[in-house]
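Spelled out, the chains give:
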Amino acid sequence: MRKKMTVIKRLGKLLAVPLLMGTMIAAPSYADNAMVEKGKKVAFDRKKGNCLACHMIADGTLPGNQGPALIAMKARFPDPAVLKAQISNPLEKNPNSIMPPFGLHNILSEEEIDAIVEYLLTL
Amino acid sequence: MKKLLLTVTAVAIGMTGVGLYASPETDQAAFVNYFTKKFPDTPKEDFVNGVYSIDAASREQWIEIEEFPPYELAIDAGEEEWNTAFANGKGYVDCFGEPGVRGNYPYWDESRKEVITLELAINECREANGEKPLKYKRGKIADISAYMAYASRGEPINVEIPNDEALAAYERGKEFYYRKRGQLNFSCFDCHGGGAGNLVRADKLSPAYGHTSHFPVYRSKWGGMGTLHRRFGGCNGQVRAKSFKAQGPEYRELEYFLTYMSNGLDYNGPGARK
């Protein structure tokens with residue numbers, strides 16, 4: 001199982017660029033999705049997710065560079081649950097992570113995190 | 001086999017011991033090494049200039065600001081205050097001898113068993129002479145501190161840790177520095193060590209090495225002067241932690257640790273910051 005996951009991950013990396021292009025093409029069909037819109041709003045809100053403080057996001061201005069650019073998210077996180085866990089409590093994977101534990105510390109509600117995950121997977 | 005296991009365990013315990021009781025000298029060498037390696041183009045003595053030591057673009061603006069420094073009024077006000085006698089006829093000169101003593105602080109007071117900072121000493125001087133203590137974050141205390149810092153420019157930072165009790169205070173300051181805190185879960189080092197040089201939105205994070213050399217500062221964001229402990233409180237607030245009391249033991253011990261990390265650099269306050 002573990003081996004299979006690794007292969008999928010590698011495949012994911014290889015496919016990152018074509019997949020990214022794929023999601024860009026697919027993006028308009030997500031645009032009117034209320035959940036995605038809500039997720040974007042929460043992600044950009046300085047008092048909420050404030051993701052741009054540290055991450056580059058396609059149509060955000062003045063992004064920070066503390067964390068990696070949020071691109072090819074579907075390829076990098078084929079399992080949305082892994083992405084959700086990373087936002088909820090990044091300390092689980094890396095206890096020294098500088099990323100705030102948005103769920104663990106109640107910075108965002110579970111509903112807001114779910115919306116952000118939906119939005120991020122369109123990137 | 002059993003004997004070998006014992007030996008291995010003993011060696012392991014011994015090694016852990018070394019790790020646990022790293023001396024302040026070793027800490028500082030590692031700290032300096034971390035920043036000089038991370039920013040190889042910055043001359044060591046330039047770290048007293050904070051973010052401007054690692055960011056050419058904002059450095060230019062800062063040099064222009066320094067031509068008519070915004071902290072000048074504070075130095076003048078501080079000088080006037082220094083030269084104004086207390087109601088009992090005495091003055092700061094009777095406590096400090098001369099204004100250029102920034103380099104003597106912070107220090108460990110052996111009889112009181114606590115860290116004494118310049119701002120604390122200023123207020124204790126006032127109270128010893130029957131004057132009311134000043135508020136610690138801004139205003140008159142920042143003026144006097146600015147005047148004294150200005151008179152002390154070029155003095156070396158040379159914080160000493162004379163005994164085990166002082167060492168314990170240093171260790172508490174160090175623990176404070178590296179502990180994650182607040183709803184956002186940042187340690188001081190997260191942003192100003194590992195994150196130094198990175199951007200948070202459009203702001204570049206300054207390196208911790210040299211951080212206490214230039215206080216008090218005129219900060220554009222404040223639109224005025226503030227002391228080091230005002231800044232500590234602001235930082236804690238930004239990570240959504242409860243800030244501690246200015247000149248309480250936590251911030252004084254943090255100042256003790258953080259200033260020790262800059263030993264060997266020169267005091268260059270007051271400063272001007274974004």
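Reading the values: the criteria
- Residues numbered from 1 in each chain as written.
- Chains lettered and ligands numbered in written order.
- Predicted model: local features only at pLDDT ≥ 70, side-chain atom pairs only at ≥ 80, totals over all residues.
- Heavy atoms only, no water.
- Patch = residues over 30% accessible without salt bridge, like charges linked within 9 Å, V, L, I, M, F, W, Y side chains within 5 Å.
- Areas by Shrake-Rupley, 256 points an atom, 1.4 Å probe, with all protein chains shown as cover.
- Salt bridge = Lys/Arg side-chain N within 4 Å of Asp/Glu carboxyl O.
- Lys, Arg positive; Asp, Glu negative; His and termini not counted.
- Charge placed at Lys NZ, Arg CZ, Asp CG, Glu CD.
- Helix = DSSP H or I, 4+ residues; strand = E, 2+ residues; numbered from the N terminus.
- Buried < 20%, exposed > 50% of the residue type's maximum accessible area, 1.4 Å probe, protein only.
- Axes fitted to C-alpha atoms, helices over the stretch in contact; angles between N-to-C directions.
- Parallel < 35°, antiparallel > 145°, perpendicular 65-115°, else oblique.
- Contact = heavy atoms within 4.5 Å.
- Nonpolar A, V, L, I, M, F, W, Y, C, P; charged D, E, K, R; others polar.
- pLDDT = per-residue confidence, 0-100.
- Polar contact = N/O pair within 3.5 Å; in protein donor to acceptor, adjacent residues only side chain to side chain.

Colleague: Quick question: what am I supposed to make of a negative patch on the surface here?
Modeller: There is a patch of like negative charges on the surface, built from E45, E98, E155 and D266 of chain B. In this fold, E155 of chain B is placed in the loop between α7 (140-151) and α8 (164-178).

Colleague: Would you mind going over the pattern of salt bridges with me for this structure?
Modeller: A pair can form between side chains of opposite charge whenever their charged atoms are brought close. If you walk through the whole model with that rule in mind, you get 19 salt bridges over all chains. The closest approach of N and O atoms between K84 of chain A and E110 of chain A, which form a salt bridge, is 2.8 Å. A residue pair is termed long-range when its members are at least 10 positions apart, and K84 of chain A in helix α5 (residues 80-88) and E110 of chain A in helix α6 (residues 110-120) qualify at 26 residues. With a shortest N-O distance of 3.5 Å, K140 of chain B and E81 of chain B are connected by a salt bridge. Linking K140 of chain B in helix α7 with E81 of chain B in helix α4 (residues 72-83), this pair joins segments that are 59 residues apart in sequence. Residue classification places E81 of chain B among the buried positions, given a relative accessible area of 14%. Through salt bridges with shared partners, a single network forms among E81, R126, E131 and K140 of chain B.

Colleague: Explain the packing of helix α10 (residues 228-238) of chain B against helix α11 (residues 249-261) of chain B here, please?
Modeller: Two measures define how a pair of helices packs: the angle their axes make with one another and the distance between the axes. Residue and element names in this part refer to chain B. Between α10 and α11, whose axes approach to 11 Å, the crossing angle comes to 105°. Between α10 and α11, the crossing angle belongs to the class labelled roughly perpendicular. Residue-level inspection shows L228, H229, F232, G233 and N236 of α10 in contact with α11, the latter providing Y251, R252, L254, E255 and L258. Here the residues of the contact of α10 with α11 sort into five nonpolar, three polar and two charged.

Colleague: Help me out: how do you make sense of the confidence of the model for chain B in this one?
Modeller: Fine structural detail should not be taken from predicted coordinates in areas where pLDDT scores are low. Residue and element names in this part refer to chain B. For chain B, the average pLDDT comes to 93, and 92% of its residues sit at 70 or higher. pLDDT under 50 marks residues 4-19. Its contacts with residues more than four places away, or in other chains, come to zero contacts. Per the prediction output, this complex has pTM 0.86; the corresponding ipTM is 0.83.

Colleague: It is not clear to me how the environment of K38 of chain B should be interpreted in this structure. Could you clarify?
Modeller: Residue and element names in this part refer to chain B. Secondary-structure assignment places K38 in helix α2 (residues 24-38). Distance from K38 to Y92, taken between C-alpha atoms, is 42 Å for residues 54 residues apart in sequence. Discounting chain neighbours no more than four positions away, the residues touching K38 are G193, G194 and A196. One polar contact links the side chain of K38 to the main-chain carbonyl oxygen of G194, over a distance of 2.9 Å.

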